[in-house]
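# Structure assessment
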Amino acid sequence: AQSVTQLGSHVSVSEGALVLLRCNYSSSVPPYLFWYVQYPNQGLQLLLKYTSAATLVKGINGFEAEFKKSETSFHLTKPSAHMSDAAEYFCAVSEGFGNEKLTFGTGTRLTIIP
Amino acid sequence: DVKVTQSSRYLVKRTGEKVFLECVQDMDHENMFWYRQDPGLGLRLIYFSYDVKMKEKGDIPEGYSVSREKKERFSLILESASTNQTSMYLCASSSNLRDRDTSTDTQYFGPGTRLTVL
């Protein structure tokens, strides 16, 4: 069975500071990993995905994530936080493609301090 | 742009009522999904469908059923609503193309229906 663990249900950073949201996965097969973002009162949208092509993945809005097999991690980072980054972020894993069944983590709510 | 719409943003029902949540997508997607979202629990898959008239149980199907009579529409049914079904319900759709293009290799989500059962 596959699963993801997101450490920290709430993260606060100052505007302009580094954003680091943690995700660790468990999978019996090579995983495909995703980060989704949910802005207030909206559905989820894909931020970025890892599908084995490259371990460092760049997404929208300046976010990136690095797949580290030895650490079973897929942490999300952004060098400089912006007020508009305030949202809830979900890590997800699939054993196949991103358009198939996904298993989501419990989410991390990111707050940006002005 | 892919559009996934859900029939209501907010819904209030009473215990024991039969509740229908409707989801419609306009991109001719084969796959459709129903999730519920609860604080601290993330998104959990209730049911999904990879084709018309086809359905599969997700991780938490108890107390729910679904209907997919047309490709564009996927309905979630609470046969007898209970207070523990108070939640945010999210619908998603996706194509069944097996490639890594970002536009096809992702699920597209509706805005959600916040259901309160009293």
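Everything below is about the structure printed above this text.
### Some thoughts on the pairing of strand β8 (residues 73-78) of chain B
Residues and elements named next belong to chain B. Where burial is concerned, most of β8 is hidden: 5 out of the 6 residues are buried. Bridge count between strand β3 (residues 19-25) and β8: 6 bridges; the pairing is antiparallel. Opposite Val19, over in β8, you have Leu78 as the bridge partner. Between the antiparallel neighbours strand β7 (residues 65-70) and β8 lie 2 residues.

### As for unusual backbone geometry
Where the residue is not glycine, phi is negative for most of them; where a peptide bond is considered, it is trans in most cases. Positive phi, close to 60°, is recorded for Asn61(A), a residue that is not glycine. Along the chain, the position of Asn61(A) falls in the loop between β7 (56-58) and β8 (64-68).

### Side note on the nonpolar core
In terms of nonpolar packing, the biggest core is built from 27 residues, with Trp35(A), Phe74(A), Leu76(A) and Tyr89(A) touching the most fellow members. Every element with two or more residues in this core is listed here: β2 (10-14), β3 (19-21), β5 (32-38), β6 (44-50), β8, β9 (73-78), β10 (87-94) and β12 (108-113) of chain A. Of the residues forming this core, the biggest block, 4 residues, is contributed by β10(A). What Leu76(A) contacts, discounting residues up to four positions off in sequence, is Val19(A), Leu20(A), Leu21(A), Trp35(A), Leu47(A), Leu48(A), Phe63(A), Glu64(A), Ala65(A) and Tyr89(A). Grouped together as the second largest cluster of nonpolar side chains are 20 residues, Leu21(B), Met32(B), Ile46(B) and Leu115(B) included.

### Quick word on the side chain of Gln2(A)
All names here are of chain A. Looking at the element boundaries, Gln2 is found in the segment before β1 (3-5). Of the residues examined, Gln2 reaches a relative accessible area of 14% and is grouped as buried. Contact partners of Gln2, with chain neighbours within four places excluded, come to Ser26, Ser27, Val93, Ser94, Glu95, Lys101 and Thr103.

### Focus on the sheet that holds β8(B)
Residues and elements named next belong to chain B. Pairing is antiparallel in the open sheet, where 4 strands are placed in the order β1-β3-β8-β7. The open sheet has two edge strands, β1 (4-6) and β7, and neither has a second partner. On average, adjacent strands in this sheet sit at an angle of 20° to one another, irrespective of strand direction. Taken together, the 4 bridges between β7 and β8 define a ladder with antiparallel strand orientation. Across the sheet, Val66 pairs through a bridge with Leu76, a residue of β8.

### Considerations on the interface of chain B and chain A
Counting residues at the interface gives 31 residues for chain B, matched by 23 residues for chain A. In total, about 2100 Å² of surface goes out of reach between chain B and chain A, with carbon and sulfur atoms giving 48% of it. Ionic pairing is found between Lys101(A) and Asp59(B), a salt bridge with its closest N-O pair at 3.7 Å. The interface formed by chain B and chain A holds 6 residue pairs in polar contact (both at pLDDT 80 or more) in total. Its residues assigned to classes, the side of chain B that touches chain A comprises 12 nonpolar, 12 polar and 7 charged.

About the thresholds
Residue numbering note: each chain is counted from 1, following its sequence as written. The order in which chains are written sets their letters, starting at A; the order in which ligands are written sets their numbers, starting at 1. Per-residue local features of the predicted model are confined to residues with pLDDT of at least 70, and side-chain atom pairs are confined, for both listing and counting, to 80 or more; whole-chain, interface and lining totals are unaffected and use all residues. To obtain the side-chain values, all non-hydrogen atoms of the structure were included, while hydrogens and water were left out. Working definition: with a 1.4 Å probe on protein chains only, accessible area under 20% of the residue-type maximum means buried, over 50% means exposed, and in between means partly exposed. The helix count covers DSSP runs of H or I at least four residues long, the strand count covers runs of E at least two residues long, and both are numbered beginning at the N terminus. Two strands pair if DSSP finds at least two bridges between them. In plain words, nonpolar cores are sets of buried Ala, Val, Leu, Ile, Met, Phe, Trp, Tyr and Cys residues tied together by side-chain atoms within 4.5 Å. Should any heavy atoms of two residues lie within 4.5 Å, those residues are considered in contact. Only the stretch in contact is used when fitting a helix axis, every axis being a line fitted to C-alpha atoms; angles between N-to-C directions are given from 0 to 180 degrees. What gets called buried area is simply the loss in accessible area from a 1.4 Å probe that two parts show on being joined, summed for both. The term salt bridge refers to a pairing of a side-chain nitrogen on Lys or Arg with a carboxyl oxygen on Asp or Glu at a separation within 4 Å. In the analysis that follows, any N or O atom pair within 3.5 Å is treated as a polar contact, provided that within protein one partner can donate a hydrogen and the other can accept it, and provided that, for residues neighboring in sequence, both atoms belong to side chains. Three classes are used, and their members are as follows: Ala, Val, Leu, Ile, Met, Phe, Trp, Tyr, Cys and Pro are nonpolar, Asp, Glu, Lys and Arg are charged, and the others, Gly among them, are polar.

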